[in-house]
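Report on the structure
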Amino acid sequence: MINNPNLDDPQVYKQYDPEGMLTHLHKMPKLCEQAWQTAMNFDLPQDYSKISKVVILGMGGSAIGGDLVSNLVASEAKLPILVHRDYNLPAFIDSKTLVIASSYSGMTEETLSSFKQALETNSKKLVITTGGKLKGMAEERKVPVFSFAYKAQARAVLPFILLPILGFLQRLGLISDKSADVTETVEVLQKLSQRINEGVSLSENPAKQLANRLYGHLPIIYGADILSEVAHRWKTQFNENSKAWAWYEVFPELNHNAVVGYQSPLGLASKIMVVLLRSAHLPERIQLRYRLTCQLLEQAKVSYQIVDGDGTSPLSQMMSLVLFGDYISYYLAILYKIDPSPIEAIDYLKEQLKDSEL
């Protein structure tokens, strides 16, 4: 990798990361702890437990926390938890729906549009934001607002979306107590960060090593069960941090279509790198599908690597892989000599959309 930045050189991080995305990676364990404690102390109306479904309104980094929670508690939650990414509210919203509008900036137009419609229903409502129009709309209608102050790109504030939603579900009696899992997760993330941060040399750092393998390749991330949306998170982090194409697929569905597509177009296989995210909590039948799929990748001469989650609880396995992927996408940005923070294409779209009425 001639002329690529040396990931063991502290100066390259100062050169290519002037806005300090790395600092937010360092803080993730502490942010998880802080977000959970704040959620536990939040004044949550107890009649919100009288619901039959949860609908989370959000886009991008403000929505992925809801996706992760939905995956995490799917095996125990007695009600559906859905993430809605669009302008218009689903018609099934009713008095037994808890609508959670999540927007870091409070200015996401799709979320504002759907939340405005939710205000005209008799659903129970909750907002997660730092401010903006969303907070103003909620306060005007006396909707509870979980507000936090942390300046970063929306994708870097995942703990303040995921942990509060998880905590609210627990406090409303909709899922089991996750306090011990959160404690373990914070400890696991602290240890993981010590193993993969920028101060750990390439020879000892699995995140730097995988970033090197992914350089110049199209990342395709495979996940399953509780890791389905973790694979989604990896994909979007490669998009936003690394400014790179990426894709993700989910077991077992990918075994019914994606595996047939390894053959064409000719020559593409050498430019692809598949990363399979794995957890000890995945069912054995899914574990078998991982092994068989790896055999198919080998036959197609497609490079791949399996990455396992850390810790014992599903939450720690999930979040350790989230943090691992965040670091990899960051290192890949540095290898591409790209500042991971700006999202110029998204900013351009938002600016152009301002010229037309919603």
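Whatever comes next refers back to the structure up there.
Keep in mind that this is a model prediction, so the values were computed, not measured. Sequence order as written defines the numbering, with residues in each chain counted from 1. Local features in this predicted model are restricted to residues of pLDDT 70 or higher, and side-chain atom pairs are both shown and tallied only at a pLDDT of 80 or more, whereas totals for entire chains, interfaces and linings draw on every residue. Calculated side-chain values reflect all of the structure's heavy atoms, with hydrogen atoms and water omitted.

**A word on the environment of Asp 67**
Under the scheme used here, helices are H or I runs from DSSP no shorter than 4 residues and strands are E runs no shorter than 2 residues, and both carry numbers assigned from the N terminus. Among the secondary structure elements, Asp 67 is positioned in helix H3 (residues 64–73). For every residue, the accessible area obtained with a 1.4 Å probe (protein chains only) is divided by the maximum for its type, and the residue is called buried under 20%, exposed over 50%, and partly exposed between those limits. Taking the relative accessible area as the measure of exposure, Asp 67 reaches 8% and is therefore buried. Any pair of residues with heavy atoms lying within 4.5 Å of one another is described as a contacting pair. Those residues within four positions of Asp 67 in sequence are excluded, and the remaining contacts are Val 83, Arg 85, Glu 229 and His 232.

**Quick notes on the packing of helix H2 (residues 21–40) against helix H6 (residues 159–171)**
Interaxial angle, 0 to 180 degrees, is taken between N-to-C directions of lines fitted to C-alpha atoms, where a helix line uses only the stretch in contact. Put simply, H2 and H6 touch, their axes get as near as 8 Å, and they point 35 degrees apart. Where H2 crosses over H6, the two elements pack in a sense that is right-handed. Facing H2, whose interface residues are Met 28, Leu 31, Cys 32, Gln 34, Ala 35, Trp 36, Ala 39 and Met 40, H6 presents Pro 159, Phe 160, Leu 163, Pro 164, Leu 166, Gly 167, Phe 168, Gln 170 and Arg 171. The classification used treats Ala, Val, Leu, Ile, Met, Phe, Trp, Tyr, Cys and Pro as nonpolar, Asp, Glu, Lys and Arg as charged, and all other residues, Gly among them, as polar. Split by residue class, the contact of H2 with H6 holds 13 nonpolar, three polar and one charged. Take the far helix as your reference; a near helix turned counterclockwise from it by less than a right angle gives a left-handed crossing, and one turned clockwise gives a right-handed crossing.

**A look at the sheet that holds strand S9 (residues 303–308)**
With parallel pairing, four strands are arranged side by side in an open sheet as S7-S6-S8-S9. Taken across any chain shown, the strands that pair with only one partner, and hence form the sheet edges, are strand S7 (247–251) and S9. Ignoring strand direction, the axes of neighbouring strands in this sheet form an average angle of 25 degrees. Paired strands, as defined in this entry, are two strands with at least two bridges between them according to DSSP. Two elements, strand S6 (residues 218–224) and S7, share five bridges in a ladder whose sense is parallel. Residue pairing for S7: Ile 221 is matched across the bridge by Tyr 248. Here helix H9 (residues 228–240) sits on the sheet in contact with S6, S7, strand S8 (272–278) and S9, set at roughly 160 degrees to S6. Contacts between helix H10 (residues 284–299) and the sheet are confined to S6, S7, S8 and S9, with S8 contributing the most and set at about 165 degrees to the helix.

**What to know about the pattern of salt bridges**
Salt bridges are counted wherever a side-chain nitrogen of Lys or Arg sits within 4 Å of a carboxyl oxygen of Asp or Glu. With the rule as written, the count across this model stands at 12 salt bridges. For Glu 76, the salt bridge goes to Lys 178, with nearest N and O atoms at 2.4 Å. With a gap of 102 residues between them, Glu 76 in the loop between H3 and strand S2 (81–84) and Lys 178 in the loop between H6 and helix H7 (179–196) connect regions that are remote in the sequence. With a relative accessible area of 9%, Lys 178 lands in the buried category.

**Quick look at the sheet that holds strand S3 (residues 97–103)**
What holds strands together in a sheet is hydrogen bonding between their backbones, with the strands either parallel or antiparallel. Within the open sheet, the five strands sit side by side as S2-S1-S3-S4-S5. Their pairing is parallel. Among the strands making up the open sheet, the edge pair consists of S2 and strand S5 (145–147). Each strand of the sheet is rotated relative to its neighbour by a mean of 20 degrees, with strand direction disregarded. Pairing between strand S4 (residues 124–129) and S5: three bridges, direction parallel. Bridge pairing in S5 places Val 127 opposite Val 145.

Just geometry here; none of it tells us what the structure is for.
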